[in-house]
Amino acid sequence: MRTAIYPGSFDPPTNGHVDIIRRSSKLFDHVIVAVAENPAKVYSFSVEDRMDMLREIVKPYNNISVDHFTGLLVEYADRIGAVTIIRGLRALSDFEYEFELALMNRHLNSKVDTIFMMTDEHYSFVRSSLVKEVARLGGDISDKVPPVVEKYLRNLYKIEK
Ligand code: ADP
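Here is what the cut-offs are and how they apply
- Position labels on residues start from 1 in each chain and follow its written sequence.
- Whole-chain, interface and lining totals are the exception, using all residues; otherwise, since this is a predicted model, local features are given only for residues with pLDDT of at least 70 and side-chain atom pairs are given and counted only at 80 or more.
- Hydrogen atoms and water are omitted, and side-chain values are computed over all heavy atoms in the structure.
- Helix and strand assignments come from DSSP, with helices taken as H or I runs of at least 4 residues and strands as E runs of at least 2, each series counted from the N terminus.
- Exposure categories follow from relative accessible area, calculated using a 1.4 Å probe and restricted to protein chains: below 20% of the type maximum is buried, above 50% is exposed, and the middle band is partly exposed.
- Two N or O atoms count as a polar contact when they lie within 3.5 Å, although within protein this holds only if one can serve as hydrogen donor and the other as acceptor, and sequence-adjacent residues are included solely when both atoms are side-chain atoms.
- Put simply, a patch holds well-exposed residues, over 30% relative accessible area, that have no salt bridge, with like charges counted together within 9 Å and Val, Leu, Ile, Met, Phe, Trp or Tyr side chains within 5 Å.
- Method for areas: the Shrake-Rupley scheme with a 1.4 Å probe, in which residue coverage is limited to the protein chains shown.
- Definition used for salt bridges: Asp or Glu carboxyl oxygen within 4 Å of a side-chain nitrogen of Lys or Arg.
- In this context, the arc is that of the directions from the helix axis out to the C-beta atoms.
- When checking whether two residues touch, look at their non-hydrogen atoms; a contact exists if any pair is within 4.5 Å.
- If even one non-hydrogen atom of a residue comes within 4 Å of a molecule or strand, that residue is called near it.
- In the cavity and pocket records, a cavity denotes points on a 1 Å grid over the protein atoms alone where a 1.4 Å probe fits but cannot get out, a pocket denotes an open set with protein on both sides within 12 Å along at least 5 of 7 lines, and lining residues are residues with an atom within 4 Å of a point.
- A pocket or cavity is taken to hold a molecule when more than half of that molecule's atoms are within 2 Å of the pocket's grid points.
- Any residue that is not Ala, Val, Leu, Ile, Met, Phe, Trp, Tyr, Cys, Pro, Asp, Glu, Lys or Arg is counted as polar, Gly included; the first ten are nonpolar and the last four charged.

Thoughts on the side chain of Ser24
Inspection of the secondary structure puts Ser24 in helix H1 (residues 15-27). Classification of Ser24 by relative accessible area gives buried; the value is 0%. In terms of polar contacts, Ser24 uses its side chain to reach the backbone carbonyl oxygen of Ile21, at 3.1 Å.

Pasting the structure below:
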């Protein structure tokens, strides 16, 4: 059984994340979308909200589940028996950070490998922070996030519709 983890903040999940989820579901027997809970970071959505949105998103896939973790990702991977970490890559700007992260994770645990999936061209400029900014200002983000996320964003920014 090949289990992979797709970790991230997912604050909130976007269609870019959904695309990586959809594609990874075809590559692995089981994919765990793992919501990071980093006490040093300030999130717009609670871990429960982020997990609720993701649970709705992964409903169509019977080999994907949603979990959360704190602490070191590679230790979490060990605990659940995953040997692959999936990360998405957008433009060049993602590369340096992701490269460092993957090397550090390999240094910490050489049994766990990171694979990168290149973003779909439609989502190359879609990031959670930008989506939040546009939603906060009342812009249309309906083609950038799943409907459930749009609902949570409207609620966060008290936008009537
Ligand atoms: P993190 O805080 O861990 O970077 P994110 O939720 O921002 O968490 O992203 C999780 C993963 O999904 C990262 O590997 C990121 O590069 C990837 N990702 C984010 N947006 C996109 C997108 N539009 N297309 C492809 N991958 C993406």
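Describing a nonpolar patch on the surface
A cluster of nonpolar side chains, Leu72, Met104 and Leu108, forms an exposed patch at the surface whose accessible area comes to about 260 Å². By the secondary structure assignment, Leu108 is in helix H4 (residues 92-108). Among the residues examined, Leu108 registers a relative accessible area of 42% and is labelled partly exposed.

Observations concerning helix H5 (residues 128-136)
Of the residues making up H5, those classed as buried are Ser128, Val131, Lys132 and Ala135. Buried residues in H5, looked at end-on, bunch into an arc of 100 degrees, giving them a common side. Packing partners of the buried residues in H5 comprise H1 and helix H6 (147-156). After H5 finishes, the residue Gly138 shows a positive phi value of roughly 85 degrees.

With respect to the site of the ligand
Around the ligand sit 17 residues in total, of which Tyr6, Ser9, Gly88, Thr119 and Tyr123 are the nearest. Contact distances for the ligand include 2.7 Å between an oxygen atom and a side-chain N or O atom of Tyr6. Ser9 has a polar side-chain atom sitting 2.6 Å from an oxygen atom of the ligand. More than half of the atoms of the ligand fall within 2 Å of the grid points belonging to the largest pocket. Among the secondary structure elements, those contributing two or more residues to the shell around the ligand are strand S1 (3-8), H1, strand S4 (84-89) and H4. In the shell around the ligand, the residues fall into six nonpolar, six polar and five charged.

Describing unusual backbone geometry
The omega torsion of the bond from Asp11 to Pro12 falls at 5 degrees, within 30 degrees of zero and hence cis. Relative to the assigned elements, Pro12 resides in the loop between S1 and H1. The phi dihedral of Phe10 falls on the positive side, at around 50 degrees, and the residue is not glycine. Its relative accessible area of 1% is what places Phe10 among the buried residues.

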